[in-house]
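Read off the chains here:
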Amino acid sequence: MKKLIDLIREIVEQGFEDCGYERSLGKVTLSNRPDLCEYQCNGAMAGAKIYKKAPIMIAGDVVERLSGQEVFEEIGAVNPGFINMKISGSFVAGYLEQMNGSEKLGMSQEGQKETIIIDYGGPNVAKPLHVGHLRSAIIGESMKRLSRFLGHTVIGDVHLGDWGLQMGLIIEELKERKPELPYFDESYTGEYPKEAPFTIGELEEIYPAASAKAKQDEAFAGKAHDATYKLQNGNRGYMAVWNHILNVSVSDLKKNYEKLNVTFDIWKKESDAQPYIPAMVKRLKEEGFAHESQGALVVDVKEEGDAKEVPPCILLKSDGATLYSTTDLATLVEREKLFSPDRILYVVDKRQSLHFTQVFRCARKTGIVKEGTKLDFLGFGTMNGKDGKPFKTRDGGIMRLEYLIQEISDAVYDKIMENKSMDEKEAEKTAKVIGLAALKYGDLSNQAAKDYVFDVDRFISFEGDTGPYILYTIVRIKSIEAKYAALEKQYEGEVKILPAASESEKALQLMVGRVADALLLAFTEEAPHKICQYIYDLSNAFNRFYHETKIMTEENGERRAGYIRLLGLVRCVLETCIDILGFEAPDRM
RNA sequence: GCGUCUGUAGCUCAGUGGAUAGAGCAAUGGCCUCCGGAGCCAUGUGCGGAGGUUCGAUUCCUCUCAGACGCACCA
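Positions within a chain are numbered from 1, following the residues in the order the chain's sequence is written. Chain labels run from A onward and ligand labels from 1 onward, assigned in the order the entries are written. Side-chain atom pairs in this predicted model are given and counted only at pLDDT of 80 or more, local residue features only at pLDDT of at least 70, and totals for whole chains, interfaces and linings cover all residues.

A few words on the overall build of chain A. Helical segments are the DSSP runs of H or I of at least four residues, strand segments are the runs of E of at least two, and each set is numbered from the N terminus. On a plain count of helices and strands, chain A comes out with 21 helices and 13 strands. In terms of principal-axis extent, the alpha carbons of chain A reach across some 90 × 65 × 45 Å. With C-beta atoms placed from the backbone, a residue is labelled by how many other C-beta atoms lie within 10 Å of its own: buried for 20 or more, exposed for 12 or fewer, partly exposed between the two. When the 589 residues of chain A are sorted by exposure, 41% land in the buried category. Remark: residues whose backbone-derived C-beta atoms lie within 7 Å of one another are considered to be in contact. At a minimum sequence separation of 6, the contacts of chain A that also span at least 24 residues come to 72%.

Throughout this description, a residue near a molecule or strand is one whose C-beta atom, derived from the backbone, lies within 6 Å of it. Near RNA strand B you find 70 residues, and of these K317, Q447, E463, G464 and M552 are the closest. Of the residues contributing to the surface near RNA strand B, the split by class is 28 nonpolar, 26 polar and 16 charged. Residue polarity is assigned by list, with Asp, Glu, Lys and Arg as charged and Ala, Val, Leu, Ile, Met, Phe, Trp, Tyr, Cys and Pro as nonpolar; anything else, Gly included, falls into the polar class.

In this usage, the nonpolar core is the set of buried Ala, Val, Leu, Ile, Met, Phe, Trp, Tyr and Cys residues whose C-beta atoms join them within 7 Å. Among the nonpolar cores identified, the biggest contains 117 residues, and I83, V347, I531, L538 and V570 are the most heavily contacted of them. Counting residues per element, this core draws most heavily on helix α21 (residues 557–581), which supplies 13 residues. Every residue in contact with V570, bar those within four places of it in the chain, is listed here: I477, V512, L538 and F542. I170, Y238, I245 and V248 belong to the second-largest nonpolar core, a separate cluster that totals 25 residues.

Cis geometry marks the peptide bond from N79 to P80, where omega comes out at 0°. Inspection of the secondary structure assignment puts P80 in the loop between β3 (72–78) and β4 (82–87). One non-glycine residue, K52, lies in the positive phi region at around 50°. With respect to the helices and strands, K52 occurs in the loop between α2 (43–51) and α3 (55–66). Even without being a glycine, N261 presents a positive backbone phi close to 60°. Structurally, N261 is set in the loop between α9 (236–259) and α10 (270–273).

Time to look at helix α7 (residues 200–216). The span expected for a helix works out to 1.5 Å for each residue beyond the first. Taking 1.5 Å of rise per residue, 17 residues should cover 24 Å, and α7 covers 25 Å from first to last C-alpha, within 8% of that figure. Within α7, burial applies to L203, Y207, A210 and A214. Taken down its axis, α7 places every buried residue within 75° of arc, on the same side. Looking at α7, the residues exposed on the side facing more than 90 degrees away from the buried face are G201, P208, A212, K215 and Q216. By construction, the arc corresponds to the directions joining the helix axis to the C-beta atoms.

Here the focus is the pairing of strand β10 (residues 343–349). For β10, a buried count of five out of seven residues is recorded, marking the element as mostly surrounded by other parts of the structure. Two strands pair if DSSP finds at least two bridges between them. For strand β5 (residues 115–119) and β10, the ladder comprises four bridges, and the chain directions are parallel. Bridge pairing in β10 links I118 to L345. Of the pairings in the sheet, the one linking β10 to strand β11 (residues 374–380) comprises seven bridges and is parallel in character. Within β11, the position partnered with I344 by the bridge is L375. Note on handedness: a clockwise path from strand one over the helix to strand two, with the strands aimed away from the viewer, defines a right-handed crossover. Each parallel crossover has a hand, and for β10 linked through helix α13 (residues 353–365) to β11 it is right-handed.

Looking now at the sheet that holds strand β2 (residues 39–41). Taken in spatial order, the four strands of this open sheet run β1-β2-β4-β3, and their pairing is antiparallel. Of all strands in the sheet, those bounded by a partner on one side alone are β1 (28–30) and β3. Shown here is a sheet whose adjacent strand axes are inclined to one another by a mean of 25°, direction ignored. The pairing of β1 with β2 spans three bridges and is classified as antiparallel. Looking across to β2, one finds that V28 is bridged to C41. Its contacts with the sheet place helix α1 (residues 4–18) against β1, β2 and β4, and it is angled at close to 140° to β1. An axis is simply a line fitted to the C-alpha atoms; with a helix, the fit covers only the stretch in contact. Between two such axes, the angle follows the N-to-C directions and lies from 0 to 180 degrees.

This next bit is on the sheet that holds strand β9 (residues 313–316). The antiparallel open sheet is built from three strands, whose spatial order is β7-β8-β9. What marks the edges here is a single partner per strand, and that holds for β7 (290–293) and β9. Along the sheet, successive strands turn relative to each other by an average axial angle of 45°, direction set aside. Here β7 pairs with strand β8 (residues 296–299) via four bridges, running antiparallel. Following the sheet pairing, E292 is matched in β8 by L297. Across the sheet, helix α11 (residues 277–286) lies against β7, β8 and β9, angled at about 120° from β9, the strand it touches most.

Further remarks concern the packing of helix α6 (residues 165–177) against helix α8 (residues 218–232). Look at α6 against α8: their axes get within 7 Å of each other, and the N-to-C directions meet at 110°. Between α6 and α8, the crossing angle belongs to the class labelled roughly perpendicular. The handedness of the crossing between α6 and α8 is right-handed. Between α6 and α8, the contacting residues are L165, M167, G168, L169, I171 and E172 on the first element and F220, K223, A224, H225, A227, T228 and L231 on the second. Of the residues assigned to the contact of α6 with α8, the class counts are eight nonpolar, three polar and two charged. We call two directions roughly parallel when the angle between them is under 35 degrees, roughly antiparallel when it is over 145, roughly perpendicular when it lies between 65 and 115, and oblique otherwise. Should the near helix be turned counterclockwise from the far one by less than a right angle, the crossing is left-handed, whereas a clockwise turn marks it as right-handed.

Turning next to the environment of I171. The residue I171 is located in helix α6 in this model. Assessed through the 26 C-beta atoms surrounding it within 10 Å, I171 is described here as buried. Sequence separation between I171 and K223 is 52 residues, and the spatial gap between their C-alpha atoms is 9.8 Å.

Take the confidence of the model for chain A next. Per-residue confidence for chain A gives a mean pLDDT of 92; residues scoring 70 or more make up 99%. We note a pTM of 0.95 for the whole complex and an ipTM of 0.93 for its interfaces. For every residue, the predictor reports its confidence as pLDDT, a number between 0 and 100.

A few words on the environment of M99. Mapping M99 onto the fold places it in helix α4 (residues 89–101). Residue classification places M99 among the buried residues on the basis of 22 C-beta atoms within 10 Å. Remark: the alpha-carbon pair of M99 and G513, spanning 414 residues in sequence, is separated by 8.3 Å. In this structure, M99 is in contact with L105, G106 and L569, ignoring residues within four places of it in sequence.

Looking now at helix α18 (residues 503–512). Among the 10 residues in α18, seven count as buried, and that is most of the element. Along α18, the positions that sit buried rather than exposed are E505, K506, L508, Q509, L510, M511 and V512. Lining the buried residues of α18 we find α4, α19 (515–524), α20 (529–548) and α21.

This next bit is on the packing of helix α17 (residues 467–485) against α21. Relative to each other, α17 and α21 sit at 145°, their axes nearing to 10 Å. Considering only the axes of α17 and α21, their crossing is left-handed. Taken together, the residues of α21 that come into contact with α17 (itself represented by I470, T473, I474, I477, K478, I480, E481 and Y484) are I564, L567, G568, V570, R571, L574, E575 and I578.

The following block contains the structure:
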């Protein structure tokens with residue numbers, strides 16, 4: 001099903017062509033003067049130069065050609081050369097009916113479908129999720145859902161950090177605390193216990209303790225390095241501990257991501273990429289891509305036209321060890337092998353931009369990814385506190401994600417309890433749903449690349465451009481639908497969305513018809529905030545319509561049924577969009 | 001020093017090579033015999049600065065000022 005605006009554009013383009021002008025001039029945009037028209041075309045002004053003709057003359061020609069087309073309720077040429085259009089009510093209503101009757105809101109299922117890997121989340125094992133992980137999870141999740149909705153094959157990969165000094169630190173610290181464990185007995189050959197020798201709580205305490213100790217105690221740091229080395233070379237006992245760490249962490253991480261309504265298709269980790277490293281390094285050496293520089297093995301990734309020096313991509317450190325660029329490249333090797341993706345999207349802190357520029361260039365230059373594989377970096381900014389500085393707890397520490405979520409749903413809970421009489425259990429459940437919407441909408445409604453200010457009070461407000469406001473609109477529609485469904489007498493003829501009977505209804509219908517534009521734009525620009533903007537506009541259009549229109553008391557049964565049908569479509573569009581954003585609406589609030 | 005990003009209303013944020021730059025919050029004033037007033041309507045203030053390209057620039061280019069961030073062996 002074509003987009004509404006494309007249908008109009010094609011007609012206008014044909015008009016230009018029929019009048020002997022270039023077809024491409026017939027580009028149609030949403031009107032920026034809603035008082036004058038709904039859609040506009042500015043092509044006549046661009047054409048003035050080509051045809052050495054006053055723009056208003058060109059516009060006039062096209063308008064004359066197109067008037068009478070039933071799509072238009074009104075079409076006119078206005079100085080200096082705008083073509084202004086209003087779409088006929090029956091055309092819009094018919095379009096919505098078609099949307100209503102088709103899958104996925106009539107979003108075209110044609111077009112190139114890609115296999116897309118989305119790399120987001122990026123938590124480390126043995127460390128709790130904190131606010132720094134929030135944006136990646138939220139933005140990545142919405143890009144995943146959006147891509148999938150548009151028919152792409154999408155693989156969301158959490159890309160766990162499980163391989164590095166942090167592991168050695170934990171193992172060494174555990175060894176000092178519980179030296180009697182069999183993992184540390186070199187002569188032990190039996191089976192290791194299935195139960196982990198620690199809980200997630202202990203693990204979360206061990207790591208920072210070990211990390212602090214290593215800074216103070218050189219001997220300990222040395223031992224941790226040694227442990228890391230042994231682990232990476234397959235020491236049996238250490239591998240077993242590492243497996244415990246992994247299992248305990250992953251189940252805790254899953255639990256926490258679940259609270260965010262974030263799920264991953266695969267739980268790949270840095271260690272999975274390690275087996276690919278030797279062959280990769282060997283090949284890059286042999287094929288002359290890698291060379292030694294200052295003791296390290298590097299691949300030059302400078303390109304003509306660089307505004308500044310782009311440092312080479314390091315494959316091996318001067319001590320021969322691997323580092324994050326090595327792992328990221330090896331991960332690409334693995335992804336090519338397993339999934340042969342058309343596109344890989346990294347949803348990562350924007351500060352890592354340079355690193356990924358290096359990795360991407362290196363991967364392309366050396367053929368690690370096949371030609372044409374798109375490597376995209378969706379860098380996001382920092383979540384700041386009200387002071388404009390990176391968000392911290394009151395005492396200046398890093399805020400754990402679960403506490404942040406808890407804080408928000410508590411605040412929503414208080415709000416529910418002070419306003420309405422809802423029993424505590426339902427209020428608690430509802431508060432979680434609303435709180436998550438508040439958090440996600442508050443984040444996603446900003447441009448990803450920008451830093452933004454986190455303000456609980458603003459996010460959970462039920463007024464204005466917030467998640468709760470969107471939910472409120474949906475709940476309100478649900479309530480009306482329920483009321484209508486409970487009526488004894490319903491319209492028995494064929495129910496259709498009728499041509500709009502008022503300005504506000506027309507505006508609402510046109511807004512509903514724009515959903516495809518919003519979703520496609522959000523996809524191509526990798527900008528979920530465009531979806532937020534759209535549903536906010538749609539909610540406003542609905543509330544305005546609602547305010548002016550008596551729905552339940554409408555006497556004409558056909559019209560009343562048509563209203564309900566329109567409302568159902570509005571709700572469906574809103575629900576689809578918030579699902580893509582990664583949250584849901586309660587039944588009551 | 002070099003580079004990247006950002007600069008829009010008192011605050012938090014949208015936005016587009018086109019007509020009169022938009023929302024929310026905050027402020028002020030209206031609207032409940034009415035399907036949920038957690039709503040609707042109205043009122044005021046602004047594109048960091050200077051050039052350039054263009055019929056037209058807040059948008060593109062150059063310079064400049066301010067802030068954030070990044071600049072090979074940490075991830």
